[in-house]
Every structure is written in C-alpha cells, then in structure tokens.
Amino acid sequence: MATAVQPERLAEQIPGAGFGSYGARVVFQDLEKSYADVRAVAGISLTVEPGEFVTFLGPSGSGKTTSLMMLAGFETPTSGEIFVDDQPIATVPPYRRNIGMVFQNYALFPHMTVGENIAFPLKIRKLSKDEIVRRTRGALELVKLPGYEGRYPRQLSGGQQQRIAVARALVFNPRVLLMDEPLGALDKQLRESLQLEIKQLHDQLGVTIIYVTHDQQEALVMSDRIAVMNNGQIEQIGSPTDLYDLPRTRFVASFIGESNFLEGRVLSSDAPICDVELNGVGVFHAPSRSGLNRFDSVAVTVRPEKVVFAKSKDESFAQPMNVATGTVENVIFVGETRRYDVALSNDMRLIVKQQNRASVENFHKGDQVTLAWCVDDTLLV
C-alpha cells in the first residue's frame, strides 16, 4: 500500500504548488444503483485506505464507472452510503465533495487557455488572483508542462491534454482523485508512459486515487489493490500479485491475464493436494482448497507462461509437476514470446507461452510434445 506524504513535506516536493493535503479514507457501504429493472451496482462494500491507489477493473456493464460516478456525486445511490473520512456524502452535491475527477475525453474547455482551464476550479472557490497564479504554475510544474499557460487545448497532443486534465483535478488540493479510463484514447506507447507518470504522481502526493479501467495490464501496473467487478458486484479484491497468482473464481482467472482451463472431476480432496481426473488425459494434482468434495466438477487452471516443454514424460524435475502430451496445432510469433496451441486428447487444449531466446528450442505445427507445469502453479476454480 502506498504511504501518504505528510502535508508539511509537500511544499518541498512541489515548488509553488501549494498542495497541502494527503489522502482520505473512502468507504462504500452496501452501495446499490438500479435503473428500472437493471441493477448496475448490486450492493458493494469496500474500504479504500488513505493514500491508496485502488482500481475498479471489469468489462463494460460491470458497474465500475457507475460506482465511481456515485462517489463523484453525478449519480445518486438507490441504497447504501458512501463515507469520506467517516462523513456520509451520498446526498452531498458534487461541488461540495472536494473530489478531483479526470475523464477519458479530458473535458477541457476549448475556448479557454491551459492556464484558464487549470484555474477554473480555483476561481469557483474564489481564491485570490495571486494564489490562483501560484497554484496554476505549480500544477503545470507538477505535470511537467511549465510555461504552457497561454496555449489552447487544440494546440496540445493527446498526452499533453491529459496532463492538463490531471493538473486541473489536483490544483484545488483534493484528498480523493477519481480517474475514469483516463488513458483509453491514447496510443499504446504513450499510454504506458503516462501510466508510470500517474503512479509517480500518486507516490509523490499521497492522494487517494480510485481508478476505473477495463485494461488488465494497466490495472496490474498502477494499483495497490484491484477490485475485479462483474455483474455489479466485486468478484475479488486484492493486490495485483494475489489476483494474478491466486484468483478465486473462473471469471477472475480469465479476466486477469490468460489462463488454461481443463475440465475434470475431483478424485480426492485431502489436504494439502487434490487429485483431479481429466477424462482421457490423466490425473492431475493441485493444492487443495476448501469446499471441494469427491466427484465435484472442477476446472484445472494454469497460466500459459508457467507451462514448459519437457524432454519426455519421465523427465526428472526438482519439484512435483503435472505432465501431459499433445500435438502442436498452431504457433504464433508475438515478438518477445512464441504462443503455442497444443491439442491434448479428448478435445482439450493448452496454450503455452515461451520466451523468445536463442537457447530455447522452437517447435512447429504437427510436432509431438510433452508439457509440464509445477503442481504449485496449478489452481482449481
């Protein structure tokens, strides 16, 4: 979890910016939002700690943006409550919440200069002219665009416009910053660069950030914790490492990264190892989990990059391994890796991702291969 920067240190880090607050605690309590017969948000409860960077990740229609809009004040909850530092805000008007917001389409005023855009929230708050100038310049330094006050949004690149949108959202010292797919309109290289810049800003300021995206890689790179949403609910919340390595549901395993799923049934579920029979393929092993009984249907899942090519089924390994044989059906070269589609028996398939290195043997369509992966890298969902 990120460590909040103390207010007295901010002036040293951001010359002239005047930023002087650190992140607030945000609590969603049994929050629901319905539109006619559709439950867009179905009773989520979540605590975001002060200075934490939490991402709502999920497909379109999962409820992530609706949840953010209720926190911003642009949507009213059907039921439940939102607290910011123990203060209920569900019925507080947006302009009184002191929450910063960055949108995907930047939402800059085209007829205003960069300086006027950034200064707009300060003028609404009736700050003095000198204070507005000081904070505007400080905000531009913060986003690495000093001297851009006189330009218009149309004279800026997409990345520069997004930086200005961030500066405007931070200039009035919010303790919570909301970001709704802010990098979605940018090209891949610029998007990856700005991901790191936003993360650095967060580390520098200690403001609480709640971020919405459908891009799993973006969420993994930027977040302290990720809330994976589906059908208006939080399927799982945890650190990027926990969600990637220990997904609790099939949806999370498929949405975060890429996974292989092999359908089977439980032969034994005694701790610590569970035995699962895959019809026509063999018996595989995985760390046991609670709630499984003999003959239950279950999916054996493993990440493609954790599968390796073995010399034979009898090869000696340093750790307990699951082993299968199959035929290469397709090979896709994607630069840093090669992706292999391998057909097992009984219409089951495994995807294998292998690093593109000179010391690694390459395989071709039609090759008979043996695959192996560590029992500890095997999950049951």
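Residues numbered from 1 in each chain as written. Predicted model: local features only at pLDDT ≥ 70, side-chain atom pairs only at ≥ 80, totals over all residues. Heavy atoms only, no water.

Hey, could you go over unusual backbone geometry for me, with residue numbers and the actual values?
In this model, Asp86 sits at a positive phi of 70°, which is unusual for a non-glycine residue. Within the secondary structure, Asp86 is located in the loop between strand 4 (79-84) and strand 5 (87-88). The residue Asn231 is not glycine, and still its phi comes out positive at about 55°. Among the structural elements, Asn231 can be located in the loop between strand 9 (225-230) and strand 10 (233-238). (Helix = DSSP H or I, 4+ residues; strand = E, 2+ residues; numbered from the N terminus.)

Let's hear about the environment of Phe363: which residues, and what values?
In this fold, Phe363 is placed in the loop between strand 18 (349-355) and strand 19 (368-374). Taking the C-alpha atoms as reference points, Phe363 and Phe309, 54 residues apart in sequence, are found 9.5 Å from one another. Discounting chain neighbours no more than four positions away, the residues touching Phe363 are Phe309, Val328, Val331, Tyr340 and Val369. (Contact = heavy atoms within 4.5 Å.)

I'd like a description of the side chain of Arg135, backed by residues and values.
Topologically, Arg135 is positioned in helix 4 (residues 129-142). According to the relative accessible area criterion, Arg135 is buried, its value standing at 12%. There is a polar contact of 2.9 Å between the side chain of Arg135 and the side chain of Glu131. (Buried < 20%, exposed > 50% of the residue type's maximum accessible area, 1.4 Å probe, protein only. Polar contact = N/O pair within 3.5 Å; in protein donor to acceptor, adjacent residues only side chain to side chain.)

Describe empty space enclosed by the protein, naming the residues involved and giving the relevant values.
Vacant regions in the atomic arrangement are exposed by a probe of water-molecule size rolled over the atoms. Here the structure, examined in full by the defined rule, presents two cavities of 30 Å³ or more. Estimates place the volume of the second largest cavity at around 40 Å³. Lining the second largest cavity we find Val166, Leu170, Leu177, Met179, Ile198, Leu201, His202, Leu205, Val207 and Ile209. Elements represented by at least two residues in the lining of the second largest cavity include exactly helix 5 (158-170), strand 7 (176-180) and helix 6 (188-205). The leading source of residues in the lining of the second largest cavity is helix 6, at four residues. Looking at the lining of the second largest cavity residue by residue, the classes come out as nine nonpolar, one polar and no charged. (1 Å grid on protein atoms, 1.4 Å probe; cavity = no way out; pocket = protein on both sides within 12 Å on 5 of 7 lines; lining within 4 Å. Points joined across faces, edges and corners; volume = space filled by probe spheres on them. Nonpolar A, V, L, I, M, F, W, Y, C, P; charged D, E, K, R; others polar.)

Tell me about the sheet that holds strand 14 (residues 297-302), residues and numbers included.
Each strand in a sheet pairs with its neighbour through backbone hydrogen bonds, running either in the same direction (parallel) or in the opposite one (antiparallel). The sheet built from five strands is open, its strands ordered 13-12-11-14-20 with antiparallel pairing. The open sheet terminates on both sides in strands that have one partner only, identified here as strand 13 (282-287) and strand 20 (379-380). In terms of strand pairing, strand 11 (residues 260-268) meets strand 14 through six bridges, oriented antiparallel. What sits directly across from Leu262, in strand 14, is Val300. (Pairing = 2+ DSSP bridges.)

Now, about the nonpolar core: what can you tell me, with residues and values included?
Grouped together as the largest cluster of nonpolar side chains are 36 residues, with contacts concentrated most on Ile118, Ile164, Leu177 and Met179. Sorting elements by how many residues they give to this core places helix 5 first, with six residues. Residues within four places of Ile164 in sequence aside, it is in contact with Leu108, Val114, Ile118, Leu140, Leu145 and Leu156. (Core = buried A, V, L, I, M, F, W, Y, C linked by side-chain atoms within 4.5 Å.)

Go over the packing of aromatic side chains with me, naming the residues and quoting the values.
The tally for this structure, following the rule as stated, stands at nine aromatic pairs. Geometrically, the ring pair formed by Phe53 and Tyr211 is tilted, given 5.7 Å between the ring centres and 40° between the ring planes. Taken as a pair, Phe53 in strand 3 (residues 53-57) and Tyr211 in strand 8 (residues 208-213) lie far apart in primary sequence, 158 residues in all. Relative accessible area serves as the criterion here: at 0%, Phe53 is assigned to the buried category. The exposure class of Tyr211 is buried, given its relative accessible area of 1%. Among the aromatic residues, those joined into a cluster by ring pairs are Phe309, Tyr340 and Phe363. The ring of Phe172 has Arg125 sitting right over it, with the charged end atom 4.0 Å from the ring centre. (Phe/Tyr/Trp six-rings, centres within 6.5 Å; stacked < 30°, edge-to-face > 60°. Lys NZ or Arg CZ within 6 Å of the ring centre and 35° of its normal.)

Explain the sheet that holds strand 2 (residues 38-48) residue by residue, including any values.
Strands sit in the order 2-1-4-5 across an open sheet of four strands; the sheet is antiparallel. Edge positions in the sheet fall to strand 2 and strand 5, since each of these pairs with one other strand and no more. For strand 1 (residues 26-35) and strand 2, the ladder comprises eight bridges, and the chain directions are antiparallel. Note that in strand 2 the partner of Tyr35 across the bridge is Val38. Packing of helix 2 (residues 64-72) onto the sheet brings it into contact with strand 1, strand 2 and strand 4, and relative to strand 1 it is tilted by some 115°. (Axes fitted to C-alpha atoms, helices over the stretch in contact; angles between N-to-C directions.)

Please set out helix 3 (residues 114-124) residue by residue, giving values where relevant.
Residues of helix 3 that are buried: Val114, Gly115, Asn117, Ile118, Ala119, Pro121 and Leu122. For helix 3, the elements touching its buried residues are helix 4 and helix 5. Positive backbone phi, approximately 60°, marks Lys126, located one or two places after helix 3.

Talk me through helix 6; I want residue IDs and the actual numbers.
With 18 residues, helix 6 extends 26 Å between its outermost C-alpha atoms, agreeing within 8% with the 26 Å of an ideal straight helix rising 1.5 Å per residue. Those residues of helix 6 not exposed but buried are Arg191, Leu194, Gln195, Glu197, Ile198, Lys199, Leu201, His202 and Leu205. N-cap assignment for helix 6: the residue whose side-chain oxygen lies 3.3 Å from the backbone N of Gln189 is Asp187. Phi turns positive one or two residues past the end of helix 6, at Gly206, with a value near 75°. (Expected span 1.5 Å × (residues − 1).)

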